[in-house]
Amino acid sequence: MNGRTAVITGGGRGFGKAFGHALAAAGYHAVLIDIDGTEAEAAAAEIRALGHSATGFAGDVTDEAAMAQAMAQAAAINGGIDVLVNNAGLHSDEYGQPILKMGLAKVRRLFDVNVLGVVCCTLAAHPWMKGRHGASVVNISSSAGHMGGSAYGDSKLAVAGLTITFARELAPDNIRVNAISPGLILTETIRNELPEATKARVKAMQMLGTDGEEKHIVDALVFLVSEKAAFITGETLRVTGGMAAGV
Ligand SMILES: NC(=O)c1ccc[n+]([C@@H]2O[C@H](COP(=O)([O-])OP(=O)(O)OC[C@H]3O[C@@H](n4cnc5c(N)ncnc54)[C@H](O)[C@@H]3O)[C@@H](O)[C@H]2O)c1
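Just so it is clear, the structure is predicted and the values come from calculations on it, not from any experiment. (Residues numbered from 1 in each chain as written. Predicted model: local features only at pLDDT ≥ 70, side-chain atom pairs only at ≥ 80, totals over all residues. Heavy atoms only, no water.)

Engineer: I tried to follow the site of the ligand on my own but got confused; where do I start?
Structural biologist: In the vicinity of the ligand, 28 residues are found, and the nearest of them are Phe15, Asp34, Tyr152, Thr187 and Thr189. At 3.2 Å, a backbone N or O of Ile35 approaches a nitrogen atom of the ligand. Lys156 is positioned with one of its side-chain polar atoms (N or O) 2.9 Å from an oxygen atom of the ligand. Expressed as a share of its isolated accessible area of 830 Å², the protein-covered part of the ligand is 96%. Assessed atom by atom at 2 Å from the grid points, the ligand resides in the largest pocket. Contributing elements (two or more residues each) for the shell around the ligand: helix H1 (14-25), helix H4 (99-129), helix H5 (151-170) and helix H6 (188-193). Classifying every residue of the shell around the ligand by side-chain character gives 12 nonpolar, 11 polar and 5 charged. (Near = heavy atom within 4 Å. Polar contact = N/O pair within 3.5 Å; in protein donor to acceptor, adjacent residues only side chain to side chain. Areas by Shrake-Rupley, 256 points an atom, 1.4 Å probe, with all protein chains shown as cover. 1 Å grid on protein atoms, 1.4 Å probe; cavity = no way out; pocket = protein on both sides within 12 Å on 5 of 7 lines; lining within 4 Å. Sits in = over half its atoms within 2 Å of the grid points. Helix = DSSP H or I, 4+ residues; strand = E, 2+ residues; numbered from the N terminus. Nonpolar A, V, L, I, M, F, W, Y, C, P; charged D, E, K, R; others polar.)

Structural data, given as structure tokens:
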């Protein structure tokens, strides 16, 4: 695995940090980009302390020039980018409110980060992923995207759509594009910010009684970027404990 690079947006904490740890342990150089540069650097330092290879830096996924520069910097490490994980997203309680309460400015920021952030980073990484054997992109959607009824869910539904569109457009370059739709996973943000009543209501939608953990999402990511998923592209894999399953 030497000489391969994985870029993870929103890599400072939560899933992004866990993805960084897993991919670095699998031999990738993990590049963690986060709007909070201090957290990204701290997360990369943690990975390096375990003897793996990682870099962390500040960057906003909606900033086209900054992402072009970030991807070029990431690509310089091993001569290209092998994996892009579009994970950065807004899902704090502030952005989970009804549209009538949030107003246009907040909805615009939500779509800018959750949807256009995916477009911005994929476009910026694409030239560096072309020609890399086994290259793939994984977008982080959400079970909320399969249900409708919230601006957050709508933004994540768009991510599932973009996954199909980019899978088609990047297939000629042999770049696979898939997504993961996590259900209720108790990351720090969810643990601290989601009201207990909402957690209980969402958990009641699961078939399995167990709690969703970061490692469940990490395992799905490791599978999707691996050779074992070589014939899978354009798919959104639900990792939800059996939530909102439909035919
Ligand atoms: N935790 C869950 O239950 C759950 C469920 C479904 C989907 N998701 C999705 O998974 C992803 C990660 O979730 P999490 O729980 O780890 O979230 P989190 O809030 O813990 O981490 C998100 C990270 O993204 C960064 N970020 C935010 N805006 C950014 C921007 N504009 N540019 C760069 N970085 C930015 C934040 O600073 C933070 O470090 C999100 O896209 C979220 O919507 C989470």
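Engineer: I tried to follow the state of the cysteines on my own but got confused; where do I start?
Structural biologist: In protein chemistry, a disulfide is the covalent bond that joins the sulfur atoms of two cysteines. Throughout the structure, instances matching the rule amount to 0 disulfides. Cys120 takes part in no disulfide bond, and the closest cysteine sulfur to it belongs to Cys121, at a distance of 5.2 Å. What makes Cys120 buried here is its relative accessible area of 13%. (Disulfide = S-S within 2.5 Å. Buried < 20%, exposed > 50% of the residue type's maximum accessible area, 1.4 Å probe, protein only.)

Engineer: Would you mind going over empty space enclosed by the protein with me for this structure?
Structural biologist: To find leftover empty space, one rolls a probe the size of a water molecule over the atoms. Taken as a whole, this structure holds 1 cavity of 30 Å³ or more when the rule is applied. Considered as a void within the structure, the largest cavity measures approximately 30 Å³ in volume. With 4 residues, the single largest contributor to the lining of the largest cavity is H4. Residue classes in the lining of the largest cavity are distributed as 5 nonpolar, 4 polar and no charged. (Points joined across faces, edges and corners; volume = space filled by probe spheres on them.)

Engineer: Would you explain the environment of Ser142 in this entry?
Structural biologist: One can find Ser142 in the loop between strand E5 (136-140) and H5. Accessibility expressed as a relative area gives 7% for Ser142, which makes it buried. Sequence separation of Ser142 and Asp82 is 60 residues, and the distance between their C-alpha atoms is 24 Å. Not counting chain neighbours up to four residues away, the residues in contact with Ser142 comprise Tyr152, Lys156, Ile180, Ser181 and Pro182. (Contact = heavy atoms within 4.5 Å.)

Engineer: Sorry if this is basic, but what is going on with helix H8 (residues 214-225) here?
Structural biologist: For an α-helix, 3.6 residues make a turn, and residues three or four places apart therefore share a direction. Between its first and last C-alpha atoms H8 spans 17 Å; for 12 residues at 1.5 Å apiece the expected length is 16 Å, and the two agree. Taken as a whole, H8 has its buried residues at Ile217, Val218, Ala220, Leu221, Leu224 and Val225. In an axial view of H8, the angular spread of the buried residues amounts to 160°, which keeps them on one side of the axis. In this fold, the buried residues of H8 make contact with H1, strand E4 (83-86), E5, strand E6 (176-182) and strand E7 (236-239). (Expected span 1.5 Å × (residues − 1). Arc of directions from axis to C-beta.)

Engineer: Got a minute to help me understand the layout of surface pockets in this structure?
Structural biologist: Of the pockets and cavities examined, the largest pocket occupies roughly 1,300 Å³. Here the lining of the largest pocket takes 4 residues from H6, the largest share from any one element. Roughly 370 Å³ of volume is contained in the second largest pocket. When the residues that make up the lining of the second largest pocket are grouped by side-chain class, the tally is 9 nonpolar, 6 polar and 5 charged.

Engineer: So what exactly am I meant to see when it comes to the pattern of salt bridges here?
Structural biologist: Any two side chains of opposite charge can pair if their charged atoms end up close together. One pass over the full model with this rule turns up 8 salt bridges. Linking Lys199 and Glu196 is a salt bridge whose minimum nitrogen-to-oxygen distance equals 2.8 Å. Residue Lys199 and its partner Glu196 are both found in helix H7 (residues 196-203); the two are separated by 3 residues, about one turn of the helix. Look at Lys199 and you get buried, because its relative accessible area is 10%. Its salt-bridge partner being Asp211, residue Lys203 comes within 2.8 Å of it at the nearest N-O pair. Under the relative-accessibility criterion, Lys203 is labelled partly exposed at 27%. A relative accessible area of 39% means that Asp211 is categorised as partly exposed. Each member of the salt-bridge network shares a partner with another, and the members are Arg4, Asp82 and Arg132. (Salt bridge = Lys/Arg side-chain N within 4 Å of Asp/Glu carboxyl O.)

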